[in-house]
Amino acid sequence: MRNQIRGLMIEKGLPSFYLTINPADVYNPLVKFLAGDEIDLDKLTMDTVPDYFNQSCLIAKNPAVAAEFFNVYMKAFISEILGYDPKQDDLEGGILGVVKAYYGCVEAQGRGTLHCHMLVWLEGGLNPNQIKEKALANGCDLEFQKKLLAFLDDTISNSVPADPDPTFELDLGKVHQCATRGPTESDIGQNASISRKKDLHNLVKKCQFHTHHPTCYKYWRGAPEPKECRFDLDEKNTVPVSVFDPETGELTLRCLDGLVNNFNETMLEAIRCNMDIKFIGSGPAAKAILYYITDYITKTQLQAHVAYAALELAVGRLGEYDPNADDYTVRARRLLQKCAHAMIAKQELSAQQVVSYLMGYEDHFTSHKFSSLYWTGFVKFINDEAPSPECYRTSVELSAPVIQSNELGSEEEQGLTNSED
Ligand SMILES: [Zn+2]
């Protein structure tokens, strides 16, 4: 996956946004529908909205329905909200603009629910260096800065919008916002504008507002070390207005409430679940963020089942009885066996991940197709067909120097190979 993302970056430049979508399977009415309940999704009532307890039980018993929900949901997100058009004819675009590429990795969180981290490339999006150069051009390009900051402030929100009318009650206001599909027909009939604002207000409070839990301080080693939430959400983390640093061109975005996770209003209204949106930014800090993100979203996930199989084999071998083994060998084996068991026990694969795999659902979503080019073999073939000894430092004495230069080539060129189509 990492090479594919690198391939996209080489061809399309650096991405503009980093999104996290965390579909609420324990609340979403689509799960209830997919599980066979004949509810009218467009006309939910107090009797048909999912009940948290029942739906949690349903998902625990039937991870297949949760995996299907996630797959349907993400595909709808890509086609309707990002508005990605594979033919690239649609110039209207989606919520963020015209998307020219995206790459999202699926992973499971502690309780097994699937979520997606996604990089989005926009048509006309500038690289962090270009943003910095443009913002600092001719002293300081204030017009450019103003436009970019206005776009970002409009796209990324991070505070609970004001309650438009504390006396106004939505039809389904008493149930969790993630279990509804927004204001009902009667809400809209009563007051369309107030009901949408009220709905958004409730949604942000429910999905985006962070309450500290003991897990926030999991890595805190006690005083005198400062007690900080590891998700970096704190009342004190506020920035009143978005600004460009006139010296470095570094971009600092507005943060009105340190306890509210970034979101996009329209996206949140549509997907009705926890989300995060980050702009990749400007200057060297943006590149550092990108390096971290690429590393983070492609972490070991796929190797989990490989590691599992290898460990299982090792444990099997260690367990074989050998009558000639001495005491030390037996103890050493036991130690290894214990370590292997512990590693297997820690290697989590959620039921939803397993079902996704069995059903052939995507473990990543992307706009592009990739083909691997095995560079070493490719170079060897060319070299065999048309040897060019002048390219190599030592004179051609059979294979040794050739292998060395092939290996160098393969490392340098790996990224390029993926952007071929
Ligand atoms: Zn916290």
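Residues numbered from 1 in each chain as written. Predicted model: local features only at pLDDT ≥ 70, side-chain atom pairs only at ≥ 80, totals over all residues. Heavy atoms only, no water.

Under an unreviewed UniProt entry, the name given to the chain is ATP-dependent DNA helicase, and the source organism is Mycena venus.

S.K.: Before we move on, can you summarise the overall build of the chain with the specific residues and values?
M.R.: For the chain, the helix and strand inventory stands at 14 helices and seven strands. When burial is assessed residue by residue, the chain has 40% of its 421 residues classed as buried. Long-range contacts, defined here as pairs at least 24 residues apart, represent 72% of the contacts in the chain between residues at least 6 apart. (Helix = DSSP H or I, 4+ residues; strand = E, 2+ residues; numbered from the N terminus. Buried < 20%, exposed > 50% of the residue type's maximum accessible area, 1.4 Å probe, protein only. Contact = heavy atoms within 4.5 Å.)

S.K.: Break down the coordination of the zinc ion for me, citing the residues and quoting the values.
M.R.: Note on the zinc ion: its protein donors are H210 (NE2), H212 (ND1), C216 (SG) and C229 (SG). The metal-donor distances range over 2.0 to 2.3 Å. Taken together, the four donor atoms coordinating the zinc ion and their angles of 103 to 119° define a geometry best described as tetrahedral. Spacing between the donor residues of the zinc ion along the chain follows H-x1-H-x3-C-x12-C. Here H212 is found in the loop between helix 7 (185–207) and strand 4 (243–244), whereas its partner C229 is found in the loop between helix 7 and strand 4, with 17 residues between them in sequence. Taking relative accessible area as the criterion, H212 reaches 26% and is therefore assigned partly exposed. Here C229 falls in the buried class, since its relative accessible area comes to 8%. (Donors = N, O, S within 2.8 Å, 3.2 Å for Na, K, Ca; no water. Tetrahedral: all angles 85-135°; square planar, octahedral: opposite > 155°, others 65-115°.)

S.K.: Now, about the sheet that holds strand 1 (residues 17–22): what can you tell me, with residues and values included?
M.R.: If you trace the five strands from one edge of the open sheet to the other, you get 6-1-3-2-7, paired in antiparallel fashion. Taken across any chain shown, the strands that pair with only one partner, and hence form the sheet edges, are strand 6 (274–279) and strand 7 (364–366). Each strand axis lies, on average, 10° off the axis of its neighbour in the sheet, ignoring direction. Across five bridges, the pairing between strand 1 and strand 3 (residues 114–122) is antiparallel. In the sheet register, F17 faces strand 3, and the bridge partner there is V120. Strands in contact with helix 4 (residues 63–81) are strand 1, strand 2 (99–108), strand 3 and strand 7; relative to strand 3, the strand with the most contacts, it is inclined by about 15°. (Pairing = 2+ DSSP bridges. Axes fitted to C-alpha atoms, helices over the stretch in contact; angles between N-to-C directions.)

S.K.: Can you break down the nonpolar core residue by residue, with the values?
M.R.: F17, L19, F77, L82, L96, M118 and V120 are the most contacted members of the largest nonpolar core, which has 61 residues in total. With nine residues, helix 4 is the largest single contributor of residues to this core. Discounting chain neighbours no more than four positions away, the residues touching F77 are L19, I21, L82, M118, M267 and I271. I5, Y103, I280 and I293 belong to the second-largest nonpolar core, a separate cluster that totals 13 residues. (Core = buried A, V, L, I, M, F, W, Y, C linked by side-chain atoms within 4.5 Å.)

S.K.: Before we move on, can you summarise the packing of helix 5 (residues 128–136) against helix 6 (residues 142–155) with the specific residues and values?
M.R.: In contact at an axis separation of 7 Å, helix 5 and helix 6 are set at 130° when each is read in the N-to-C sense. Put simply, helix 5 runs oblique to helix 6. Where helix 5 approaches helix 6, its residues I131, K134 and A135 are matched on the opposing element by F144, Q145 and L148. When grouped by side-chain class, the residues that make up the contact of helix 5 with helix 6 number four nonpolar, one polar and one charged. (Parallel < 35°, antiparallel > 145°, perpendicular 65-115°, else oblique. Nonpolar A, V, L, I, M, F, W, Y, C, P; charged D, E, K, R; others polar.)

S.K.: An account of unusual backbone geometry is needed here, citing residue identities and associated values.
M.R.: Residue A223 is joined to P224 through a cis peptide bond whose omega torsion reads 5°. As for its position among the elements, P224 is in the loop between helix 7 and strand 4. Of note, the phi angle at D232 is positive, near 60°, even though the residue is not glycine. Tracing the backbone through its elements, the reader meets D232 in the loop between helix 7 and strand 4.

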